[in-house]
Amino acid sequence: MNNIDDMKGKNYCTSCGMCSAICPKDAIQITLDNNGFYRPVINEELCIHCGICKQICYKYDENYSKEKIKFHPICLSAKNKNKNELHNASSGAVSIELMKICLELGYKVVGVKYDYEKDTAVSKIASTNHELLGFRGSKYFQSYTEDAFKQVMKDNSKQKYAIFGTPCQIYAFSKAAELRRRQDKFLLIDIFCHGCPSINLWSKYIKDIKEKIKLSKFDLIKFRSKTYFWHEFCFDFKSGNKKFTSSKYGDPFYELFFGMDIMNEACYNCIARSSMVKTDIRLGDFWGWQYDLDKEGVSAVVINSEKGKEIFNRVIDKFIIKEFSFKEIIEAQSYGKEHNYDKQRRLVVLEDLNSNLSMRRIQKKYRKMLPISNQLKRMLKNFLKIFLGDFYIKLRQKKHKKI
Ligand SMILES: Cc1cc2nc3c(=O)[nH]c(=O)nc-3n(C[C@H](O)[C@H](O)[C@H](O)COP(=O)(O)OP(=O)(O)OC[C@H]3O[C@@H](n4cnc5c(N)ncnc54)[C@H](O)[C@@H]3O)c2cc1C
Ligand code: SF4
Ligand code: SF4
């Protein structure tokens, strides 16, 4: 057998979808499995065992290892001077400015949109500024990539593409570009990545929210509401004139997302998020004590190539910029780190997400499975947030500045 069903692949599937996009016989289809992860399914009748899918899949890449940097990276914090863009972005609104300049330079842009009919995240191709608007804001689960990636890979013209995605998606594009010897066609921009949870978590969560506020469809969902402020993880849901912001204390989606037990297995020990060799620019939130008191959002920007530098310099005036070291930028990120999880909790929650239990019931059951120390930590954090607020953060900042 010479396709991605070959068990010699050492790692778990990231759900990037590139094997399907590059297959010359359209023999691979990406489907959602029972646990809520996208997986390739091969039609053996169509497969000619050419092995091209294996050549772009990281599972078979013997030379791919963590913590390699190909370029002396330029590390910055960046905050968009335009308050409206800042409000609509997850962090410092760097993505949208890069996307706009890419269109001006003749690229088409691949980014991730929310599909309000199907309540899912989808990678799409944009050719106009208007189409870029839907790409704003992170959607915290893996996007369905198959159609857009296929369209890009089948385009044999000179059209250039700027690809925005997770590090595993960017790895796949980089390999496909190498294979086709068309690196010049692509600008690759990824994100610092915590990982992607089961899509069943989102499906259950959004179903419960709709029941709770008695609406069947939303016009806008912001995964990172800035209604409270940037560091609070909660959602804004909008339908017509109605707006609902989820709780900043113990939102079930974010509690399970940060709990780590129901991530895609590839995310626990991910090589892609801990390597920058394949990406021109990496974007993220600037986590860490430096911006703990910032309420509007600040991005971390790591420029990894001459191409990345050239593009970023064209938009640099749009931002308030400060330079940092690589160590400072990655300090509070999961870059270079492995995530721990509990196999038993994972099995239980994945099963519960497929059941009739409500999100709140699943959350309560989940909390009971956690060690008592985790439960106390969560309660203490909420207590400090409520009663000390900014004062607690200022104390933390003082401690860090002394080091
Ligand atoms: C699953 C996931 C995990 C993340 N984990 C971290 C983390 O651990 N640390 C950190 O600092 N930052 C993380 N981020 C990135 C962060 O949330 C912001 O996307 C990033 O800082 C860019 O913000 P912005 O303000 O410049 O632009 P925004 O306007 O927020 O732009 C969002 C960008 O992300 C893309 N995007 C949206 N949803 C997805 C998706 N599901 N998959 C791929 N691309 C998507 C859009 O196309 C756009 O380019 C994560 C993002 C995602 C989607
Ligand atoms: S990691 Fe990507 S290329 Fe490899 S099998 Fe999974 S979807 Fe296909
Ligand atoms: S942690 Fe790695 S495998 Fe998981 S979504 Fe991020 S880049 Fe992909």
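Residues numbered from 1 in each chain as written. Chains lettered and ligands numbered in written order. Predicted model: local features only at pLDDT ≥ 70, side-chain atom pairs only at ≥ 80, totals over all residues. Heavy atoms only, no water.

Enquirer: Would you explain the overall build of the protein in this entry?
Expert: A tally of helices and strands in the protein yields 16 helices and 13 strands. For 403 residues, the compact-globule estimate of 2.2 N^0.38 gives 22 Å, and the C-alpha radius of gyration of the protein, at 21 Å, lies within 12% of that figure. Expressed as lengths along the three principal axes of its C-alpha atoms, the size of the protein is roughly 65 × 50 × 45 Å. Relative to its 403 residues, the protein shows a buried fraction of 55%. Approximately 19,600 Å² of the protein is accessible, and the part contributed by carbon and sulfur atoms is 52%. Looking at the protein, you have 71 positive and 47 negative side-chain charges, and the mean spots of the two groups are 4 Å apart. (Helix = DSSP H or I, 4+ residues; strand = E, 2+ residues; numbered from the N terminus. Rg over C-alpha atoms; globule rule 2.2 N^0.38 Å. Buried < 20%, exposed > 50% of the residue type's maximum accessible area, 1.4 Å probe, protein only. Areas by Shrake-Rupley, 256 points an atom, 1.4 Å probe, with all protein chains shown as cover. Lys, Arg positive; Asp, Glu negative; His and termini not counted. Charge placed at Lys NZ, Arg CZ, Asp CG, Glu CD.)

Enquirer: Would you mind going over the site of ligand 1 with me for this structure?
Expert: Around ligand 1 sit 33 residues in total, of which S91, S138, K139, F192 and D285 are the nearest. Contact distances for ligand 1 include 2.9 Å between a nitrogen atom and a backbone N or O atom of H194. Of the residues that constitute the shell around ligand 1, the class distribution is 14 nonpolar, 15 polar and four charged. (Near = heavy atom within 4 Å. Polar contact = N/O pair within 3.5 Å; in protein donor to acceptor, adjacent residues only side chain to side chain. Nonpolar A, V, L, I, M, F, W, Y, C, P; charged D, E, K, R; others polar.)

Enquirer: Looking at this model, I keep getting lost on the packing of aromatic side chains. Mind explaining?
Expert: The description of an aromatic ring pair uses the distance of the two centres, along with the angle that the planes make with each other. Across all of its chains, the model carries 42 aromatic pairs by this definition. The interplanar angle of 45° and the centroid separation of 6.0 Å between the aromatic rings of F233 and W287 together place this pair among those described as tilted. Here F233 is found in the loop between β8 (220–222) and β9 (236–239), whereas its partner W287 is found in the loop between β11 (281–285) and β12 (299–303), with 54 residues between them in sequence. Comparing F233 with W287, the two get one shared label, buried. For the ring pair Y254 and F257, a centre distance of 6.1 Å and an interplane angle of 80° mean the geometry is edge-to-face. Residue Y254 and its partner F257 are both found in helix α9 (residues 252–259); the two are separated by three residues, about one turn of the helix. For the residue pair Y254 and F257, the accessibility class agrees, reading buried in each case. The aromatic ring of Y107 is capped on one face by K160, whose charged end is 4.4 Å from the ring centroid. Above the face of the F192 ring, R282 is positioned so that its terminal group lies 5.8 Å from the ring centre. (Phe/Tyr/Trp six-rings, centres within 6.5 Å; stacked < 30°, edge-to-face > 60°. Lys NZ or Arg CZ within 6 Å of the ring centre and 35° of its normal.)

Enquirer: I keep staring at the packing of α9 against helix α14 (residues 359–369) and nothing clicks. Help me out?
Expert: Geometrically, a packed helix pair is captured by the angle between its two axes and the distance between the axes. Where α9 meets α14, the closest approach of the two axes is 10 Å, and the angle between their N-to-C directions is 40°. Between α9 and α14, the angle falls in the class oblique. For the pair α9 and α14, the crossing hand works out as left-handed. Between α9 and α14, the contacting residues are P252, E255, L256 and G259 on the first element and M359, R360, Q363, Y366 and R367 on the second. (Axes fitted to C-alpha atoms, helices over the stretch in contact; angles between N-to-C directions. Parallel < 35°, antiparallel > 145°, perpendicular 65-115°, else oblique. Left-handed = near helix turned anticlockwise from the far one by under 90°. Contact = heavy atoms within 4.5 Å.)

Enquirer: Please explain unusual backbone geometry as it appears in this structure.
Expert: Most peptide bonds adopt trans geometry, and most residues besides glycine take a negative phi value. Although it is not a glycine, A93 adopts a positive phi angle of roughly 60°. The backbone of K214 shows a phi angle near 55°, a positive value even though the residue is not glycine. Turning to its location among the elements, K214 is positioned in the loop between α8 (199–213) and β8. We classify K214 as exposed; its relative accessible area is 71%.

Enquirer: Whenever I open this one, the sheet that holds strand β13 (residues 319–324) confuses me. Can you help?
Expert: Strand-to-strand pairing in sheets goes through backbone hydrogen bonds, with the strands running parallel or antiparallel. In space, the eight strands of this open sheet follow the order β5-β4-β6-β7-β11-β12-β3-β13, with mixed pairing throughout. A strand with exactly one partner marks an edge of an open sheet, and here the two such strands are β5 (120–126) and β13. Taking the axes of each pair of neighbouring strands and ignoring which way they run, one obtains an average angle of 25° across the sheet. Two strands pair when backbone bridges link them, and strand β7 (residues 186–191) and β11 are joined in this way by three bridges, in the parallel orientation. When the sheet's bridge partners are listed, I189 is paired in β11 with I281. Those strands touched by helix α7 (residues 167–180) are β6 (160–165), β7 and β11, and its axis lies near 160° from that of β7. (Pairing = 2+ DSSP bridges.)

Enquirer: Explain the sheet that holds strand β10 (residues 242–245) to me, please; I cannot follow it from the model alone.
Expert: A sheet is described by the order of its strands in space; here three strands give the open sequence β8-β9-β10, paired in antiparallel fashion. Unpaired on one side and paired on the other, β8 and β10 mark the two borders of the sheet. The average angle at which neighbouring strand axes cross in this sheet is 10°, direction not considered. Sheet topology note: the β8/β9 ladder contains three bridges and is antiparallel. Each bridged residue has a counterpart across the sheet, and for I221 the counterpart in β9 is F237. Running over the sheet, α8 touches β8, β9 and β10 and is turned about 55° from β9.

Enquirer: Would you mind showing me how to read the pairing of strand β2 (residues 38–42) here?
Expert: The side chains of a regular strand alternate, first on one face of the sheet and then on the other. Across the five residues that make up β2, a large majority, four, are buried. In the sheet, strand β1 (residues 28–32) pairs with β2 via five bridges, with the strands oriented antiparallel. Along β2, the bridge assignment pairs Q29 with V41. The antiparallel pairing of β1 with β2 creates a hairpin that spans five residues between the two strands, and G36 there sits at a positive phi of about 90°.

Enquirer: Can you help me understand the packing of helix α6 (residues 146–154) against α7 in this one?
Expert: For the pair α6 and α7, the least separation of the axes is 12 Å and the interaxial angle reads 20°. When the axes of α6 and α7 are compared, the pair comes out roughly parallel. In the crossing of α6 with α7, the sense of the turn from one axis to the other is right-handed. Here F149, V152 and M153 of α6 come into contact with α7, specifically with Q169, F173, A176 and R180. Partitioning the contact of α6 with α7 into residue classes produces five nonpolar, one polar and one charged.

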